Amino acid sequence: MGEKEFTHLTETGVHMVEVGEKPQQRRTAVASGKIHLQKETIEMIKNAEIKKGNVLTTAQIAGIQAVKKTSDIIPLCHPLNLSGIEIEFDVGETEITATCECRLTGQTGVEMEAITGVSVALLTIWDMTKAVEKDENGQYPDTKISDIVVLKKEKL
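Right, let's walk through the structure included here. (Residues numbered from 1 in each chain as written. Predicted model: local features only at pLDDT ≥ 70, side-chain atom pairs only at ≥ 80, totals over all residues. Heavy atoms only, no water.)

1. Points about the environment of Ser-83
Link 1 in the chain: By secondary structure assignment, the location of Ser-83 is in strand S4 (residues 82-91).
Link 2 in the chain: For the pair Ser-83 and Arg-26, spaced 57 residues apart in sequence, the C-alpha separation works out to 9.7 Å.
Link 3 in the chain: Other than its neighbours up to four places away in sequence, Ser-83 contacts Arg-26, Arg-103 and Leu-104.
Link 4 in the chain: A polar atom in the side chain of Ser-83 sits 2.9 Å from the side chain of Arg-26. (Helix = DSSP H or I, 4+ residues; strand = E, 2+ residues; numbered from the N terminus. Contact = heavy atoms within 4.5 Å. Polar contact = N/O pair within 3.5 Å; in protein donor to acceptor, adjacent residues only side chain to side chain.)

Take a look at the structure:
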């Protein structure tokens, strides 16, 4: 492996990396993460008993919107012409796994967008369920967001 460098740093500060000479390629990235909740909270989500509304549909919409806004919140990300976004959930007994797949044809990858989509989807689940996650002291002993990773990044 060659010497690695921080591509956004210059002698005078920072810049958004120039990708104009790179070829257009079909690109995809998949990221996932988990939110750990109490069993009772998971059951309330499954039974549509959360007062704020449909938790997973709201989290899907929030995650998709976040993907589309990634370049607005991550300063040196390129604005991208996304061609597809999918956010899915796997609901377990005490955790929900969110998976976000982003696709485009372009000159740069979409892994930051996939990570952002997962993060915001999980944060939305947290926001919608935190009232029922509190213990008798107003604390959140079991809630945790974890394992946010890029599962796949590829050029097709």
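2. A look at the pattern of salt bridges
Link 1 in the chain: Applying the stated criterion across every chain, the model contains ten salt bridges.
Link 2 in the chain: The residue Lys-69 makes a salt bridge to Asp-72 at a minimum N-O spacing of 3.9 Å.
Link 3 in the chain: With a relative accessible area of 38%, Lys-69 lands in the partly exposed category.
Link 4 in the chain: Under the relative-accessibility criterion, Asp-72 is labelled exposed at 58%.
Link 5 in the chain: Via salt bridges that share partners, Lys-52, Asp-127 and Lys-130 belong to a single interconnected network. (Salt bridge = Lys/Arg side-chain N within 4 Å of Asp/Glu carboxyl O. Buried < 20%, exposed > 50% of the residue type's maximum accessible area, 1.4 Å probe, protein only.)

3. So, the sheet that holds strand S6 (residues 144-155)
Link 1 in the chain: The strand order across the open sheet formed by four strands is S4-S5-S3-S6, and the pairing between neighbours is antiparallel. In this open sheet, the two strands that pair with only one neighbour each are S4 and S6. With direction set aside, neighbouring strand axes in the sheet form an average angle of 15°.
Link 2 in the chain: Across twelve bridges, strand S3 (residues 25-36) lies against strand S5 (residues 95-106) in antiparallel orientation. From the neighbouring strand, Ala-29 faces S5, where its bridge partner is Cys-102.
Link 3 in the chain: Packing against the sheet, helix H4 (residues 111-133) makes contact with S3, S4, S5 and S6, and its axis sits at approximately 25° to S3. (Pairing = 2+ DSSP bridges. Axes fitted to C-alpha atoms, helices over the stretch in contact; angles between N-to-C directions.)

4. Points about the packing of helix H2 (residues 55-68) against H4
Link 1 in the chain: Two elements in contact, H2 and H4, have axes separated by 7 Å at closest approach and are oriented at 145°. The chirality of how H2 crosses H4 is right-handed. Along the contact surface, H2 presents Val-55, Leu-56, Thr-58, Ala-59, Ala-62, Gly-63, Ala-66 and Val-67, while H4 presents Glu-113, Thr-116, Gly-117, Val-120, Ala-121, Thr-124, Ile-125, Met-128 and Thr-129.
Link 2 in the chain: Considering only residue class, the contact of H2 with H4 consists of ten nonpolar, six polar and one charged. (Left-handed = near helix turned anticlockwise from the far one by under 90°. Nonpolar A, V, L, I, M, F, W, Y, C, P; charged D, E, K, R; others polar.)

In short, the description is geometric, and any link to function would need to be established separately.
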